[in-house]
Structure formats: structure tokens, C-alpha cells
Amino acid sequence: MDVSSQYRKAWEGFWSATSDTPGEAIWDSDPSLTSVPHTELLLPYADAALPVVDLGCGNGTQTRYLSTVFARALGVDLSHAAIGHARRADTAGVAEFAQLDLVDADAVRDLSRRIGDTNVYMRAVIHQSEPEARPAVAAAVAALLGARGRAFVVELTPASKELLQKASEALGGPPGKLRRVIEHGLKPADASEEEVRELLLGAGLTVLASGDTALAQTEHLADGTRIDLPARWFVLAAAS
């Protein structure tokens, strides 16, 4: 199974039109607001001596931080253009980056064989994936963990979709960074909380911890308020 050509084209188009400027993508927030607190939630359950794979790494901002915490950090993304951004930004060479289609089960298994049991970080990937591809995305998490790895998965909730809709309908239209997401045909917050949980459990994962959070964005509402999107996080292991 592969993602549709339209979905692949949408992400290639988005990242090809994005500069290397940090924060230009609406979700490219500073690690202090994202992977730092997320890692603090994961580490009580995870072995930092294992590698970590950042699924849907984009331009690698979070992957580079993860490399300071785990023995090895690999960022993967569907978009070749995103991987180009990530490699250019990693001037110190602290992480590794590779193109990967998460719904390509053979490619995921090949990565698992090469890297062994690994921790996984996945921020807001299921909710924007095509509905028919979401089970495969969840299965990729389970396949990579093996027996010893642990995952931190965080996904937007429907409340995020309402907030983004409100921002889009404001006087003057959506803020510029949100407008770019819409123009490229990307669909944020397109999965329910129930669906996300069912997908994770259906993939053979067990929930070790979970909670509510908000994903800080690099865009603001017309009144200057930063857009923080409601989300739900999970720490996961492969079911025994």
C-alpha cells in the first residue's frame, strides 16, 4: 500500500514552497514548546540508550533536539523536499534523515530490521493522513517499537479543527501560515479522538499513559494570541 499521488503531491508542494527559515511552517515550533515537554513524558517509560525515530519529521527541528536525549535520532518523512530541509538545517550532523512512506509496510519492516527496537516520536501525523492510510500509520509505530521501544504519539482533537475554522473565518481570512496549509490541500485535525485511540489499540499497541495537551503553533490569531491546538498524547508500548 502507498499513499495516494494527490496526498504525496500535496506534501511535496508544501515543503517545496517553504523556505529554510525556522518557523515558516505553522507547526515548526521551538522544541522547548514541543519535543522537550513530550520527551519528559516519555522518558519515565523509555530506554534512552535505544534510538528514536521521528515519524513525519518535516524539517527536522524536533529530531535535532531528540538527538540530544537518545543514543541515536533518525527523522523520516514522506516528502523528499522536507528531508532536504532537514539535512540542510542539521549543520552539525547530529541526526540522520531519510524519506519514508509510513504506509509502505515493506519499507517500514526494512527500517525496523536495520535499526532494531527503537523509540518512536510522532507528532500530529494520524490526524492529517488519508483515512484509508491511518491504520497503516498506526501499524508502523507498532512495527518499529519491537519489544523494548516506547512511543510518544500526540494527535490533534476535533476542538483544534473548530479553532482553525474560526481563525480561517476571521476578518481578513486565515493567517498567512494557515492559508498556506489550506492552499496545499492539507487537512488538519481530520480524525476523532475515538478513531485515534482505536487505531493505536488496533495496531497492537498498549497505552501506558495519556493526557491532554496543546500543540503550540508558529502563527497567531488577529488579536495576537498564539494558536495552540488542543491535542491528546499517548505513551505506548507493543502489547505483550
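Our structure is the block above this text.
Since the model is a prediction, treat every value here as computed from it, not as a measurement. (Residues numbered from 1 in each chain as written. Predicted model: local features only at pLDDT ≥ 70, side-chain atom pairs only at ≥ 80, totals over all residues. Heavy atoms only, no water.)

Quick rundown of the overall build of the chain? Include the residues and the values.
A tally of regular secondary structure across the chain gives nine helices and seven strands. At 17 Å, the chain has a C-alpha radius of gyration in line with the 18 Å of a compact globule built from 240 residues. Reported as C-alpha extents along the three principal axes, the dimensions of the chain are approximately 50 × 40 × 35 Å. When burial is assessed residue by residue, the chain has 51% of its 240 residues classed as buried. Sequence-distant contacts in the chain: of pairs separated by 6 or more residues, those separated by 24 or more amount to 71%. Total accessible area computed for the chain in this model is approximately 10,400 Å², and 52% of it derives from carbon and sulfur atoms. Here the chain contributes 22 positively and 32 negatively charged side chains, and the mean placements of these two sets differ by 2 Å. (Helix = DSSP H or I, 4+ residues; strand = E, 2+ residues; numbered from the N terminus. Rg over C-alpha atoms; globule rule 2.2 N^0.38 Å. Buried < 20%, exposed > 50% of the residue type's maximum accessible area, 1.4 Å probe, protein only. Contact = heavy atoms within 4.5 Å. Areas by Shrake-Rupley, 256 points an atom, 1.4 Å probe, with all protein chains shown as cover. Lys, Arg positive; Asp, Glu negative; His and termini not counted. Charge placed at Lys NZ, Arg CZ, Asp CG, Glu CD.)

Report on the sheet that holds strand β1 (residues 52–55), specifying residues and quantitative values.
In spatial order, the strands read β3-β2-β1-β4-β5-β7-β6; together these seven strands make up an open sheet with mixed pairing. On the outer flanks of this sheet lie β3 (96–99) and β6 (205–220), each paired with one strand and no other. Each adjacent strand pair in this sheet contributes to an overall mean axis angle of 20 degrees, direction not counted. In terms of strand pairing, strand β4 (residues 119–123) meets strand β5 (residues 151–156) through four bridges, oriented parallel. Among the inter-strand pairings, Y121 is bridged to a residue of β5, identified as F152. In the packing of helix α4 (residues 80–89) onto the sheet, contacts are made with β2 (73–77) and β3, and the angle to β3 comes to roughly 170 degrees. Sitting on the sheet, helix α9 (residues 193–202) touches β5, β6 and β7 (226–238), and the angle it makes with β7 is about 25 degrees. (Pairing = 2+ DSSP bridges. Axes fitted to C-alpha atoms, helices over the stretch in contact; angles between N-to-C directions.)

Could you give an account of the pairing of β7, with specific residues and numbers?
For β5 and β7, the ladder comprises six bridges, and the chain directions are antiparallel. The residue of β7 that forms the bridge with A151 is L236. Bridge analysis of β6 against β7 gives twelve bridges, and the strand direction is antiparallel. What sits directly across from A214, in β7, is P230.

Residues and numbers for the packing of aromatic side chains, please.
Within this structure, the stated rule accounts for eight aromatic pairs. Taken together, a centroid distance of 5.6 Å and an interplanar angle of 55 degrees make the contact between W11 and W27 tilted. Here W11, found in helix α1 (residues 5–16), pairs with W27, found in the loop between α1 and α2 (35–42); they are 16 residues apart in sequence, far enough to count as distant. A ring pair is formed by W15 and W27, whose centres lie 6.1 Å apart and whose planes are at 70 degrees; its orientation type is edge-to-face. (Phe/Tyr/Trp six-rings, centres within 6.5 Å; stacked < 30°, edge-to-face > 60°.)

Can you break down helix α5 (residues 105–115) residue by residue, with the values?
Along α5, the positions that sit buried rather than exposed are V108, L111, S112 and I115. One side of α5 carries all its buried residues, which in axial view fall inside an arc of 100 degrees. In α5, the exposed residues that point more than 90 degrees away from the buried face are D106, R113 and R114. Where α5 is buried, its residues contact β1, β2 and α6 (134–145). Residue G116 follows α5 closely and has a positive phi angle near 75 degrees. (Arc of directions from axis to C-beta.)

Account for the packing of α6 against α9, with residues named and values stated.
Here α6 crosses α9 at 50 degrees, and the two axes come no closer than 8 Å. Put simply, α6 runs oblique to α9. Considering the relative orientation of α6 and α9, their crossing is right-handed. Residues R134, P135 and A138 of α6 form the contact with α9, whose participating residues are E195, L199 and L200. Grouping the amino acids of the contact of α6 with α9 by side-chain chemistry returns four nonpolar, no polar and two charged. (Parallel < 35°, antiparallel > 145°, perpendicular 65-115°, else oblique. Left-handed = near helix turned anticlockwise from the far one by under 90°. Nonpolar A, V, L, I, M, F, W, Y, C, P; charged D, E, K, R; others polar.)

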